[in-house]
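Understanding the architecture of this molecule
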Amino acid sequence: MIEVDELTKRYGARTVVDALSFAVRPGRVTGFLGPNGAGKTTTLRMALGLCRPSEGAVRVMGRPLGERARALTCVGALLDAGDAHGGRSAVAHLRALARSNGVAQARVDEVLDEVGLADAARRRVGGFSLGMRQRLGIAGALLGDPPVVVFDEPLNGLDPEGVRWVRGLFRRLAGEGRTVLVSSHLMGEMEHTADDLVVIGRGRLIAAETLAAFAARGSGGGVWVRVDDPAPLARVFAAEGVTVRPERDGGLLVSGIDAGRVGELAAGAGLVVRGLAERSSSLEDVFMELTADSVEYGTERKR
């Protein structure tokens, strides 16, 4: 488990992470989300002992990672695919990591094969594509066979086959009982991959809950219905005590009752239903709605 307890990081007068607390559980994939500048990477760097908190603490399996002599056997991490020295071969890079963490050299060949780089093992990293560098970074994270794995934007540069492979890898690692924390800006991938979400904005916690609970927060879900004249139907819904919102396409979005009841009310009012459909908010919709006040570099202009 990863436990973040009142974590704060300041750079001068600027607070990047602000009294942040959450827990990442084993056996589940947890997505770590937030707008650019939210403090995600800084939080991960503090969790991995790469920078010190101003206040608070992060514990991995009950202890700060800096207290462990062979950290790679406790936590595997990919923060930056460009970390590997371009002049080294993939196998040399991983052998150095293995040697410094007391990992058997035979493990190097195993992880290279697992990430699909066995044939490129002796090529210099400087000639790798971004997708190949990501695979090498994932190999490094898996090298110590750790119970906890942390990935920061691991899908950048991967082709569709690579994305599908990584998705399956996360599910397999969680299925083995490992703790999997993934920071990503790809909402669609998190929607298909994550069990839980931790969402932050301007360094503060916005949500820490299951994916289903987070998606249910959105205001865009409900039942969409279209009739020739929506005004009488809107009055029927208002009398029923449900929330009604006009849509740009001329329909009504109704929250609080199911599609069957919507149809019954329309029929009872003598109205012909021209369209009826269940709608749910996408993860991206809910994310944009809940983080709207936390976007540091927004492009929307007031009119």
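Below, the structure is looked at part by part. Fair warning: this is a prediction, and the values are worked out from it, not measured in the lab.

**Some words on unusual backbone geometry**
Notably, Glu-6 is not glycine yet its phi reads approximately 50°, a positive angle. Inspection of the secondary structure puts Glu-6 in strand S1 (residues 2–11). The exposure class of Glu-6 is partly exposed, given its relative accessible area of 44%. A positive phi angle is found at Arg-202, which is not glycine, with a value near 50°. Looking at the secondary structure, you find Arg-202 in the loop between strand S8 (196–201) and strand S9 (204–210).

**Quick notes on the pattern of salt bridges**
In total, this model carries 19 salt bridges according to the counting rule given. The salt bridge involving Glu-110 is made with Arg-107; its shortest N-O contact spans 3.1 Å. With Glu-110 and Arg-107 both in helix H3 (residues 106–114) and 3 residues apart, the pair spans about one turn of that helix. Residue classification places Glu-110 among the partly exposed positions, given a relative accessible area of 44%. Relative accessible area serves as the criterion here: at 19%, Arg-107 is assigned to the buried category. The partner of Glu-247 in a salt bridge is Arg-245, and the shortest N-O contact between them spans 3.3 Å. Residue classification places Arg-245 among the partly exposed positions, given a relative accessible area of 36%.

**Some details on the packing of helix H8 (residues 230–240) against helix H9 (residues 259–268)**
Between H8 and H9, the shortest axis-to-axis distance is 10 Å and the interhelical angle comes to 120°. Here H9 runs oblique to H8, going by the angle between their axes. Between H8 and H9 lies a crossing whose hand is right-handed. Residues Leu-233, Val-236, Phe-237 and Glu-240 of H8 form the contact with H9, whose participating residues are Arg-261, Val-262, Leu-265 and Ala-266. Taken together, the residues that form the contact of H8 with H9 break down as 6 nonpolar, no polar and 2 charged.

**Thoughts on the side chain of Arg-178**
Among the structural elements, Arg-178 can be located in the loop between helix H5 (160–175) and strand S7 (179–183). Only 2.9 Å separates the side chain of Arg-178 from the side chain of Asp-145, close enough to count as a polar contact. In terms of polar contacts, Arg-178 uses its side chain to reach the backbone carbonyl oxygen of Pro-146, at 2.7 Å. Sequence-distant contacts of Arg-178, defined by excluding residues within four places in its chain, comprise Pro-26, Gly-27, Arg-28, Asp-145, Pro-146, Pro-147 and Leu-173.

**Observations concerning the sheet that holds S9**
Judged by pairing direction, the sheet is mixed, and its 6 strands sit side by side in the order S5-S6-S7-S3-S8-S9 without closing on themselves. Strands at the two margins of the open sheet, each flanked by one partner only, are strand S5 (75–78) and S9. Taken pair by pair, the neighbouring strands of this sheet meet at an average axis angle of 15°, ignoring direction. Pairing geometry for S5 and strand S6 (residues 148–152), over 4 bridges, is parallel.

**A word on the packing of aromatic side chains**
The description of an aromatic ring pair uses the distance of the two centres, along with the angle that the planes make with each other. Evaluated as defined, the whole model comprises 2 aromatic pairs. Arranged with centres 5.6 Å apart and planes meeting at 40°, the rings of Phe-22 and Phe-32 form a pair that is tilted. Residue Phe-22 is found in strand S2 (residues 14–24), and its partner Phe-32 is found in strand S3 (residues 28–33); the two are separated by 10 residues along the sequence. The exposure classification of Phe-22 matches that of Phe-32, with both residues buried. Across from the ring centre of Trp-165, 4.9 Å away, lies the NZ or CZ of Arg-135, which sits over that ring.

**Points about the sheet that holds strand S4 (residues 55–60)**
Across the sheet, 3 strands lie side by side as S2-S1-S4; this open sheet has antiparallel pairing. Each having just a single partner strand, S2 and S4 make up the two edges of the open sheet. On average, each strand axis in the sheet is tilted by 20° relative to the strand beside it, whichever way the strands run. Note: S1 against S2, 7 bridges, orientation antiparallel. Note that in S2 the partner of Leu-7 across the bridge is Leu-20.

**Here we look at the packing of helix H2 (residues 90–100) against helix H4 (residues 130–142)**
Remark: H2 packs on H4, axes separated minimally by 10 Å, with the N-to-C direction vectors making an angle of 25°. With respect to each other, H2 and H4 are oriented roughly parallel. Of the two possible hands of crossing, H2 and H4 adopt the one that is right-handed. Along the contact surface, H2 presents Ala-90, His-93, Leu-94 and Leu-97, while H4 presents Leu-136, Ala-139 and Gly-140. A per-class count over the contact of H2 with H4 returns 5 nonpolar, 2 polar and no charged.

**Examining H5**
Every α-helix winds through 3.6 residues per turn, so residues three or four apart in the chain are directed the same way. The end-to-end C-alpha separation of H5 is 23 Å, in line with the 22 Å expected for 16 residues at 1.5 Å each. All of the buried residues in H5 are Gly-162, Val-163, Trp-165, Val-166, Leu-169, Phe-170, Leu-173 and Ala-174. Looking straight down H5, one finds that the buried residues subtend no more than 170° of arc, so they occupy a single side. Opposite the buried face of H5, at more than 90 degrees from it, the exposed residues are Pro-160, Arg-164 and Gly-175. Just past H5, the residue Gly-177 takes up positive phi, approximately 90°.

How each quantity is defined
Residues numbered from 1 in each chain as written. Predicted model: local features only at pLDDT ≥ 70, side-chain atom pairs only at ≥ 80, totals over all residues. Heavy atoms only, no water. Helix = DSSP H or I, 4+ residues; strand = E, 2+ residues; numbered from the N terminus. Buried < 20%, exposed > 50% of the residue type's maximum accessible area, 1.4 Å probe, protein only. Salt bridge = Lys/Arg side-chain N within 4 Å of Asp/Glu carboxyl O. Axes fitted to C-alpha atoms, helices over the stretch in contact; angles between N-to-C directions. Parallel < 35°, antiparallel > 145°, perpendicular 65-115°, else oblique. Left-handed = near helix turned anticlockwise from the far one by under 90°. Contact = heavy atoms within 4.5 Å. Nonpolar A, V, L, I, M, F, W, Y, C, P; charged D, E, K, R; others polar. Polar contact = N/O pair within 3.5 Å; in protein donor to acceptor, adjacent residues only side chain to side chain. Pairing = 2+ DSSP bridges. Phe/Tyr/Trp six-rings, centres within 6.5 Å; stacked < 30°, edge-to-face > 60°. Lys NZ or Arg CZ within 6 Å of the ring centre and 35° of its normal. Expected span 1.5 Å × (residues − 1). Arc of directions from axis to C-beta.

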